Structure formats: structure tokens, C-alpha cells
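Summary of structural features
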Amino acid sequence: MKLLLKLLSFPFSILFWLLFGLSIVVFHPVQWLCFNIFGYQAHKKSVDYLNFCLTRIQHILFVRYKIQINSNIPKNVPILIVSNHQSLFDIPPIIWFLRRYHPKFISKVELGKGIPSISYNLKHGGSILIDRNKPEEAVLSMSEFSKYLTKFNRSGVIFPEGTRSRTGVPKPFKPKGLTTLIENMPSGYILPVTINNSWKLQRFGFFPMPLGVKFEMTLHPSLKISEYKTEVLIEKVEEIITSKIDN
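Residues numbered from 1 in each chain as written. Predicted model: local features only at pLDDT ≥ 70, side-chain atom pairs only at ≥ 80, totals over all residues. Heavy atoms only, no water.

Here's the deal with the layout of surface pockets
What the largest pocket holds in volume is close to 1,200 Å³. Lining the largest pocket are 43 residues, with Ile106, Ser107, Lys108, Arg132 and Phe159 positioned closest to its centre. Listed by contribution, the elements that provide at least two residues to the lining of the largest pocket are helix 1 (2–38), helix 2 (40–56), helix 3 (91–97), strand 3 (103–108), helix 4 (118–124), helix 5 (135–152), strand 5 (155–158) and helix 6 (175–183). Across the lining of the largest pocket, the residue classes break down as 28 nonpolar, nine polar and six charged. (1 Å grid on protein atoms, 1.4 Å probe; cavity = no way out; pocket = protein on both sides within 12 Å on 5 of 7 lines; lining within 4 Å. Points joined across faces, edges and corners; volume = space filled by probe spheres on them. Helix = DSSP H or I, 4+ residues; strand = E, 2+ residues; numbered from the N terminus. Nonpolar A, V, L, I, M, F, W, Y, C, P; charged D, E, K, R; others polar.)

See below:
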């Protein structure tokens, strides 16, 4: 049965990647026009709808989404969305389902060029690109990023594991980046997020794409940064996130 499902996934995977590629190619000039002519809000809308498309075309693979909200997310405050990381397919649902909070990302510098739509958004949409080989510059960039989030009451997304888990088993948090963000955003809140089953979408790499994955994203109660010491807060957030990961 597993072999049959894998064989069936080949034609669906081809269709999925054709639509994925078409989406990012079509939205690239749309983003450019929105950003350069109409400004931030229009550009943000174009990014929102790009990621709506990227989530919905996964239904071709019979992907199902379960979004569980256990949080009364505060409004008009800066937020750090802290999540475990299982695959590249974690990102479109975060952007789409949390779009009202203007999520911005901390991404490696290599993603800032060469990828239609995605690279453009990372460079112009408020996210930051860091070079992991230059840790001092990365810390400075994250400090400025915190100030940006605070100034505009937007949200920053960080995956403290550093790299994605290829099996769903959580990796220990690397606290340095999260510590920098927390210490430079005392008026903000942390929104812990747990993602399950996303790793299965890349079980075979990028091809073929498995069928019938149930993507789950749980939003936990928000935590006010100023109410905790940094070390205690990071430990608490890690415990909350990992407690709901299905191994």
C-alpha cells in the first residue's frame, strides 16, 4: 500500500510543483508593482495572497490543515512568533493564517536572491537576512529587527532550533538569537507555536510529495515578555512548544 501511494504521488507532485512555480513567478511582478507604486500595505496584501495560493495548492496533494488557536493574541503590540521548524512548508501557513499580525522572518542570506517572489519579499517586506558566518553582524541585525517590530507593532518569526527537524523530533533551542530579540523588545509578547507533520511533506526530499498529510499548527497562550526573566521565558516557551509535538 505504501509503495502504491508513493507511485500515485508522482503525477500529483508534478502538478503541485507546476502550480507552485507558476504562483511564485506570477506574483513576483505583482509584488514589484505593489511595493514600488502603492507601498507597504499593497505589497503585504500581494504576499498574503501568494501564500494563500501556496497553501491551497497543497490540497492537490490531499493535504489537510488543522489550525488550533488556544491564544487570545494581543493587538497593537510587537509579537515574537516562536515555533518549532519541520520543513519549508511551515512558512506559507504562518504567513497566511497569521497575516493580520504582519509576520516577518529571520532568514539566511542565501534565500535573499534567485527565488522568484520569495527572495523579493525577504528583501523588501520587512524580514531580515543574516549570514550565519558573521555572528556579530547577525546579532546587530536582530537588534535592529526588534526595534522595527516595536516601532510598527508587527510580528517576527523565529525558529530557535536553527535548522529544521527532518523527522519531527524537536531539536534543542539555540537561545542566542531569541535572547537578543527578547532583550530588545521588552514591550512585546511571545506567541508559542507548535507545528506537527510538516516534516512528512519533505519525507522524500522535494520529489515526490507524499499524499494525505495532515498539517497541524497550534497557537498557545501568549506570554508577556516583561513578566519573565529572559532565561526563564525561553525555557518556558521551549517546554510549551515541545509538549505538543507528536513524535
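Having seen the structure, we can now continue with the description.
Looking at empty space enclosed by the protein
Going through the model one piece at a time under the given rule, you end up with one cavity of 30 Å³ or more. There is about 100 Å³ of room inside the largest cavity. Taken together, Tyr40, His43, Lys44, Val47, Asp48, Ile95, His102, Pro103, Lys104, Asn121, Gly125 and Ser127 form the lining of the largest cavity. Within the residue set of the lining of the largest cavity, elements represented by two or more residues are helix 2 and strand 3. Among the elements that line the lining of the largest cavity, the one with the most residues is helix 2, at five residues. Residue composition of the lining of the largest cavity, grouped by class: four nonpolar, five polar and three charged.

Some words on helix 6
One full turn of an α-helix is made of 3.6 residues, so residues set three or four places apart face in the same direction. Those residues of helix 6 that fall on the buried side of the exposure criterion are Gly177, Leu178, Thr180, Leu181 and Ile182. Check the buried side of helix 6 and you find it contacts strand 2 (79–83), strand 3, helix 5, strand 5, strand 6 (189–196) and helix 7 (230–243). (Buried < 20%, exposed > 50% of the residue type's maximum accessible area, 1.4 Å probe, protein only. Contact = heavy atoms within 4.5 Å.)

Let's talk about a negative patch on the surface
There is a patch of like negative charges on the surface, built from Glu183, Glu231, Glu235 and Glu239. Broken down by element, the negative patch gets its largest block of residues, three residues, from helix 7. Its place among the elements puts glutamate 239 in helix 7. (Patch = residues over 30% accessible without salt bridge, like charges linked within 9 Å, V, L, I, M, F, W, Y side chains within 5 Å. Areas by Shrake-Rupley, 256 points an atom, 1.4 Å probe, with all protein chains shown as cover. Salt bridge = Lys/Arg side-chain N within 4 Å of Asp/Glu carboxyl O. Lys, Arg positive; Asp, Glu negative; His and termini not counted. Charge placed at Lys NZ, Arg CZ, Asp CG, Glu CD.)

A closer look at the packing of helix 5 against helix 6
Any two packed helices are characterised by the angle at which their axes cross and by the distance between the axes. The geometry of helix 5 relative to helix 6 is characterised by a closest axis approach of 8 Å and an angle of 40° between their N-to-C directions. Classified by chirality, the crossing of helix 6 by helix 5 is right-handed. Touching Val139, Met142, Ser143, Phe145 and Ser146 of helix 5 are Lys176, Gly177, Thr180 and Leu181, all from helix 6. Here the contact of helix 5 with helix 6 is composed, by residue class, of four nonpolar, four polar and one charged. (Axes fitted to C-alpha atoms, helices over the stretch in contact; angles between N-to-C directions. Left-handed = near helix turned anticlockwise from the far one by under 90°.)

Let's talk about the side chain of glutamine 86
By the secondary structure assignment, glutamine 86 is in the loop between strand 2 and helix 3. Of the polar contacts made by the side chain of glutamine 86, one reaches the backbone nitrogen of serine 198; its length is 3.0 Å. Filtering out sequence-adjacent residues up to four positions away, glutamine 86 remains in contact with Arg164, Ser165, Gly168, Ile195, Asn196, Asn197, Ser198, Trp199 and Ile245. (Polar contact = N/O pair within 3.5 Å; in protein donor to acceptor, adjacent residues only side chain to side chain.)

What about the pairing of strand 3?
Residues in a regular strand point their side chains to alternate faces of the sheet. Within strand 3, five of the six residues are buried, which leaves the element mostly enclosed by the surrounding structure. Bridge count for strand 3 against strand 5 is three bridges, and the pairing is parallel. Residue pairing in the sheet places phenylalanine 105 in a bridge with valine 157 of strand 5. Here three bridges tie strand 3 to strand 4 (residues 128–130), and the two strands are oriented parallel to one another. Residue pairing across strands places lysine 108 opposite isoleucine 130, the latter belonging to strand 4. Traced from strand 3 through helix 4 to strand 4, the parallel crossover comes out right-handed. (Pairing = 2+ DSSP bridges. Right-handed = clockwise from strand over helix to strand, strands pointing away.)

Notes on the pattern of salt bridges
Within this structure, the stated rule accounts for three salt bridges. Among the salt bridges present, the one from aspartate 48 reaches lysine 44, with a minimum N-O distance of 2.6 Å. Here aspartate 48 pairs with lysine 44, and both are found in helix 2, just four residues apart, close to one helical turn. The class for aspartate 48 is buried, based on a relative accessible area of 5%. Here glutamate 144 makes a salt bridge to lysine 147, at a shortest N to O gap of 3.6 Å. Of the two residues, glutamate 144 and lysine 147 both sit in helix 5, three residues apart, roughly one turn of that helix. Among the residues examined, glutamate 144 registers a relative accessible area of 43% and is labelled partly exposed.

None of this, on its own, says anything about what the molecule does.
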